[in-house]
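Observations on the model geometry
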Amino acid sequence: MPHRFEEIRKFVAPEVLFGADSRMLCGTYAERFGLRRVMVVTDPGVIEAGWVAPIVEDLSEHGIETIVFSDISANPRSAQVAAGALIYGAKACAGIVAVGGGSPIDCAKGIGIIASNGGAILEYAGVDRVSAPMPPIICIPTTAGTGADVSQFAIILDEANHTKAGLISKSLIPDLALVDPVVLTTMDSALTAATGVDALVHAVEAYVSNASWELTDGCALAAMRDIPSALPQCLASPEDMTSRRAMALASLNAGLAFSNASLGAVHALAHALGGRLDSPHGECNALLLGPVMRMNLSVMPTERVQRMADALGVEGGDLAKRLPAWFDEFHASLGIDAKDWKLALSEAEFENIARAASVDACMATNPWKPEVGDLVEMLHDALD
Ligand SMILES: [Fe+2]
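These numbers were taken from a predicted model, which means no experiment stands behind them. (Residues numbered from 1 in each chain as written. Predicted model: local features only at pLDDT ≥ 70, side-chain atom pairs only at ≥ 80, totals over all residues. Heavy atoms only, no water.)

1. What to know about the side chain of Arg23
Formally: Secondary structure elements are defined from DSSP: runs of H or I of at least 4 residues count as helices, runs of E of at least 2 residues count as strands, and each element is numbered from the N terminus. Under this definition, polar contacts are N or O atom pairs within 3.5 Å; protein pairs additionally need one hydrogen-donor-capable and one acceptor-capable atom, and for neighbouring residues in sequence, both atoms have to be side-chain atoms. A contact between two residues is defined here by any heavy atoms of the two lying within 4.5 Å.
With respect to the element layout, Arg23 can be found in the loop between β1 (15-18) and α1 (26-32). Within polar-contact distance, the side chain of Arg23 engages the side chain of Asp180 at 2.8 Å. The residues contacting Arg23, other than those within four sequence positions of it, are Trp51, Ile55, Ile140, Leu178, Asp180, Val182 and Val183.

Following this line, the structure appears as structure tokens:
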């Protein structure tokens, strides 16, 4: 009898500790991992917000030396990964603690890959190209959206080619995620909105992905149920712990969903657009979600579109049309707009971005295969 491997699905996740002040278990766990010297990978904004010093102190109380590496921008560059990896090796670190949003966590994963495998980070772009696992890595996410703290993805800017390289491998799953809603309270409203929409896009893309299944659907729908109310509430009352906790949980759920079901054309286009303009990932996603779903939802079974609308609390009419319009309205209500991005792009560049997106690793699980012309149309819909 022939095997039917195409029906097999998998689900991988790190150990997760969720709840207020879970970040302060970092030292306890690092000691349990047997670490004596770790690199703390973070960025200047997170240091300024005051989240790094107490973690360094906690590690020190557990007898663990720390080397802080914070020379990381938004959209982390391959050169920043190389610089961090050089210091990691020179200082003989044995593990990594990443404190920050998606940029420091992705850069930390990059440093971990180089530490175990050598070479340059862009050599590992693509699916399943990383053989040796990273050294022990603990992630403390300071935004609610990235999902990098639980995912098998890392996105690194290829600065020479103005695009973003996606690395997808089980070797990129951190050992431990300390998901602590308390650290979310220092995000300003623009960062809260952009990262929160990233979580929504992770949930939606994982749900419509052709690699979705019951376990990823459960996570994706749970995130979709929370975000429409919790995200506006975080913006209205930044210190309200109930809504910050709901967004931390939504980000975790969405992260588990997309790590295992992968993503689609929104992220493929966002990587190409963000690589070209160096624009924030969450904002690129927000602008592209409606335009991509206008095409994606028309190929989805009606009952799946209905379940998604029920989770989001969206009603009425032809849902395959109503939902994309709702996404546009939602991101506009959060204050996210395209600014003058379109002015920076010629028509030829629209096509270059579409071409880069068409070969992005995330495109493989989009529910249908768009041509470059379809992708150009989506970009115009998003930016015009
Ligand atoms: Fe994302």
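So, next bit.
2. Re the packing of aromatic side chains
Quick reminder of the rule: In this analysis, rings of Phe, Tyr and Trp, with Trp reduced to its six-membered ring, are considered paired at centre separations within 6.5 Å, and the interplanar angle assigns stacked below 30 degrees, edge-to-face beyond 60, and tilted for intermediate values. Over a ring means this: the NZ of a Lys or the CZ of an Arg is within 6 Å of the ring centre and within 35 degrees of the ring normal.
Per the counting criterion, the structure on display carries three aromatic pairs. Site record: aromatic cluster; members linked through ring pairs are Trp326, Phe327 and Phe330. Positioned above the aromatic ring of Tyr207, the side-chain terminus of Arg304 is 4.0 Å from the ring centre.

3. Some points on the coordination of the iron ion
Rules: In this description, a donor is an N, O or S atom within 2.8 Å of the metal centre, a cutoff extended to 3.2 Å for sodium, potassium and calcium. Water is not part of the atom list, which can make sites seem incomplete. A four-donor site is called tetrahedral if each angle lies between 85 and 135 degrees; a four-donor site is square planar, and a six-donor site octahedral, when trans pairs exceed 155 degrees and the remaining angles lie between 65 and 115; all other cases are labelled irregular. Per-residue accessibility, obtained with a 1.4 Å probe over protein chains only, is compared with the maximum for each type, and a residue is labelled buried under 20%, exposed over 50%, and partly exposed between these values.
Donor atoms from the polypeptide that bind the iron ion are Asp198 (OD), His202 (NE2), His267 (NE2) and His281 (NE2), placed at 2.2 Å. Between the four donor atoms coordinating the iron ion, the angles at the centre fall across 83 to 167°, so the site counts as irregular. Spacing between the donor residues of the iron ion along their common chain follows D-x3-H-x64-H-x13-H. Of this pair, Asp198 and His202 are both found in helix α6 (residues 189-208), four residues apart, which corresponds to roughly one turn of the helix. What makes Asp198 buried here is its relative accessible area of 6%. By relative accessible area, which is 2% here, His202 ends up buried.

4. Some points on the environment of Pro174
By the secondary structure assignment, Pro174 is in the loop between β8 (163-168) and β9 (176-179). In this structure, the C-alpha to C-alpha distance between Pro174 and Ile96, residues 78 residues apart in sequence, is 9.7 Å.

5. Side note on the domain arrangement of the chain
Under the convention used in this document: Note that the domain bounds were set by an automatic or database domain assignment. By buried area we mean the combined loss of accessible area, with a 1.4 Å probe, across both parts when two parts are placed together. Here a salt bridge means any side-chain nitrogen of Lys or Arg lying within 4 Å of a carboxyl oxygen belonging to Asp or Glu. Any residue that is not Ala, Val, Leu, Ile, Met, Phe, Trp, Tyr, Cys, Pro, Asp, Glu, Lys or Arg is counted as polar, Gly included; the first ten are nonpolar and the last four charged.
Parsing the chain into structural domains produces domain 1 (9-183) and domain 2 (187-383). Between the C-alpha centres of domain 1 and domain 2 the distance comes to 24 Å. Listed per partner, the contact involves 30 residues of domain 1 and 41 residues of domain 2. In this assembly, domain 1 packs against domain 2 so that about 2800 Å² is buried in total across both faces, 64% of it on carbon and sulfur atoms. Where domain 1 packs against domain 2, one counts one salt bridge. One can count 11 residue pairs in polar contact (both at pLDDT 80 or more) joining domain 1 with domain 2. Its residues assigned to classes, the side of domain 1 that touches domain 2 shows 16 nonpolar, 10 polar and four charged.

6. A short note on the pattern of salt bridges
Within the structure shown, the criterion is met by 12 salt bridges. Among the ionic pairs, Asp278 bridges to Arg77, the shortest N-O distance being 2.5 Å. Here the residue Asp278 occupies a position in the loop between α9 (265-277) and α10 (281-296), and Arg77 occupies one in the loop between β3 (65-69) and α4 (78-90), the gap between them amounting to 201 residues. Of the charged contacts in the structure, one is a salt bridge between Glu349 and Arg276, with a shortest N-O distance of 2.6 Å. Of this pair, Glu349 sits in helix α13 (residues 347-358) while Arg276 sits in helix α9, placing them 73 residues apart in sequence. Owing to a relative accessible area of 29%, Arg276 belongs among the partly exposed residues under this scheme. Salt bridges sharing partners connect three or more residues here, namely Asp21, Arg23 and Asp180.

7. Digging into the environment of Trp213
Among the structural elements, Trp213 can be located in the loop between α6 and α7 (214-236). Taking the C-alpha atoms as reference points, Trp213 and Phe11, separated by 202 residues in sequence, lie 9.7 Å from one another. Apart from residues no more than four positions distant in its own chain, Trp213 is found in contact with Arg9, Lys10 and Phe11.

8. Describing the layout of surface pockets
Where we set the bar: Cavities and pockets are defined on a 1 Å grid built over the protein atoms alone: a cavity is a set of grid points where a 1.4 Å probe fits but cannot escape, while a pocket is an open set with protein on both sides within 12 Å along at least five of seven lines, and lining residues are those with an atom within 4 Å of any such point. Grid points are joined across faces, edges and corners, and a volume is the space filled by probe spheres set on the points.
As a volume, the largest pocket reaches approximately 940 Å³. In terms of lining, the largest pocket is formed by 47 residues, of which the most central are Gly101, Gly102, Ser103, Leu191 and Thr195. Elements with a contribution of two residues or more to the lining of the largest pocket: α2 (44-48), α5 (102-117), β7 (153-158), α6, α9 and α10. No other element matches α6, which puts six residues into the lining of the largest pocket. Of the residues in the lining of the largest pocket, the class split is 22 nonpolar, 18 polar and seven charged. Viewed by domain, the lining of the largest pocket spans two of them, domain 1 (9-183) and domain 2 (187-383), each represented by three or more residues. Roughly 400 Å³ of volume is contained in the second largest pocket. Along its surface, the second largest pocket is lined by 18 residues, and Lys10, Gln152, Ala211, Asn260 and Ser262 are the ones closest to its centre. Among the elements that take part in the lining of the second largest pocket, helix α8 (residues 241-261) stands out by supplying three residues, more than any other.

9. Let's talk about the sheet that holds β7
For the record, the criterion: In short, DSSP must find at least two bridges between two strands for them to pair. Only the stretch in contact is used when a helix axis is fitted, and all axes are lines through C-alpha atoms; the angle between N-to-C directions ranges over 0 to 180 degrees.
Pairing is mixed across the open sheet formed by three strands, whose spatial order is β5-β8-β7. The sheet is open, and its two borders are formed by β5 (126-127) and β7, each paired with just one other strand. Here α9 sits on the sheet and contacts β7 and β8; the angle it forms with β8, its principal contact strand, is near 135°.

10. Observations regarding the side chain of Arg244
What counts is decided by this rule: In this count, Lys and Arg are taken as positive residues and Asp and Glu as negative ones, while His and the chain termini are left out.
With respect to the helices and strands, Arg244 occurs in helix α8. No salt bridge forms around the buried Arg244; measuring N to O, its nearest opposite-charge neighbour Glu239 is 7.5 Å away. In this structure the side chain of Arg244 is engaged in a polar contact, spanning 3.4 Å, whose partner is the backbone oxygen of Leu184. Filtering out sequence-adjacent residues up to four positions away, Arg244 remains in contact with Pro181, Leu184, Thr185, Met187, Thr192, Cys234 and Pro238.

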